[in-house]
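Breakdown of the fold
Chain residues, written in single-letter form:
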Amino acid sequence: MYKRQELSLRALRQSQDAPTVENTTSALERIQAQSLRMTRLVEDLLLLARLDEGAELVHGEVDLSQLAVEALADAQPTAPDHHWKLETPGEPVVVAGDVGRLHQVVGNLLANARTHTPEGTTITLSVSATPSGAELRVHDDGPGIDPDVREELFARFARGDVSRARQTGGTGLGLAIAKAIVEGHGGTITVESTPGDTSFTVRLPRGEQATPARSAQARSERDEHPDQ
């Protein structure tokens, strides 16, 4: 369906009937945007269902310092009018986890901070080692979160629009997905917020570190028993 919409838009842009093209193109673009949003919504709901079943995470060795560098590099171009900062120690901060899903957690938290804050806001991503594992924090100096909605932020389809400037649409599942992934790693995610000082903090246990030998053994066992 999305491909047909794209082809229709391309054909209309080549048409000579300007008023008709403008009206029809606008309608198709709205339909296309809604189709993309529904696709993201379905994908997010399917991911949450898999996480609820405990069937989504693949654990290995994850360097959170390197993950933070990559996540911030992905986020910066999406909001050049924000100020971005990265704080990491001089050495790797390693935990056992699913690198792809943990990257998604950080991406969701950065997107949340960007989306709900105005131009000029400073967003800081920090990583640190703790005695039991690691801590990852996304901080912003934006307007803060209304206390009435703070406790519901991690609920599915929750919106925190009352006090934070919403600039783009979303499915309302980003923080719920982040929470499900973090809890799937045996960790916690919390939020503290006052005007000018909002922090989302992820705490992860160190867990059993995945060595190359163990990782290779795990892959071999999955290959031998694909139905398990």
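None of these values were measured; they are calculated from a predicted model.

Let's shift gears to the packing of helix H3 (residues 64–75) against helix H4 (residues 99–115). Where H3 meets H4, the closest approach of the two axes is 10 Å, and the angle between their N-to-C directions is 45°. The orientation of H3 with respect to H4, classified from their angle, is oblique. Seen from above, H3 lies across H4 with right-handed handedness. Seen from H3, the contacting residues are Leu64, Leu67, Glu70, Ala71, Leu72, Asp74 and Ala75; seen from H4, they are Val99, Leu102, His103, Val106 and Leu110. The class makeup of the residues in the contact of H3 with H4 is 9 nonpolar, 1 polar and 2 charged.

This part covers the packing of aromatic side chains. Here a ring pair, both rings aromatic, is described through the centre-centre distance and the interplanar angle of the planes. This structure, assessed with the given rule, holds 1 aromatic pair. Look at Phe154 and Phe200: their rings are 6.1 Å apart centre to centre, the planes differ by 80°, and that puts the pair in the edge-to-face class. Of this pair, Phe154 sits in the loop between helix H5 (147–150) and helix H6 (174–184) while Phe200 sits in strand E7 (residues 197–205), placing them 46 residues apart in sequence. Comparing Phe154 with Phe200 shows no difference in burial state: the two are buried.

Another point: the sheet that holds strand E5 (residues 133–140). In space, the 5 strands of this open sheet follow the order E2-E4-E5-E7-E6, with mixed pairing throughout. Looking at strand neighbours, the two that pair on one side only are strand E2 (83–87) and strand E6 (188–194), the edges of this open sheet. Between one strand axis and the next, the sheet turns by 15° as a mean value, whatever way the strands run. The sheet contact formed by E2 and strand E4 (residues 122–130) spans 5 bridges and is parallel. Along E4, the bridge assignment pairs Glu87 with Ser126.

The rules behind these values
Residues numbered from 1 in each chain as written. Predicted model: local features only at pLDDT ≥ 70, side-chain atom pairs only at ≥ 80, totals over all residues. Heavy atoms only, no water. Axes fitted to C-alpha atoms, helices over the stretch in contact; angles between N-to-C directions. Helix = DSSP H or I, 4+ residues; strand = E, 2+ residues; numbered from the N terminus. Parallel < 35°, antiparallel > 145°, perpendicular 65-115°, else oblique. Left-handed = near helix turned anticlockwise from the far one by under 90°. Contact = heavy atoms within 4.5 Å. Nonpolar A, V, L, I, M, F, W, Y, C, P; charged D, E, K, R; others polar. Phe/Tyr/Trp six-rings, centres within 6.5 Å; stacked < 30°, edge-to-face > 60°. Buried < 20%, exposed > 50% of the residue type's maximum accessible area, 1.4 Å probe, protein only. Pairing = 2+ DSSP bridges.

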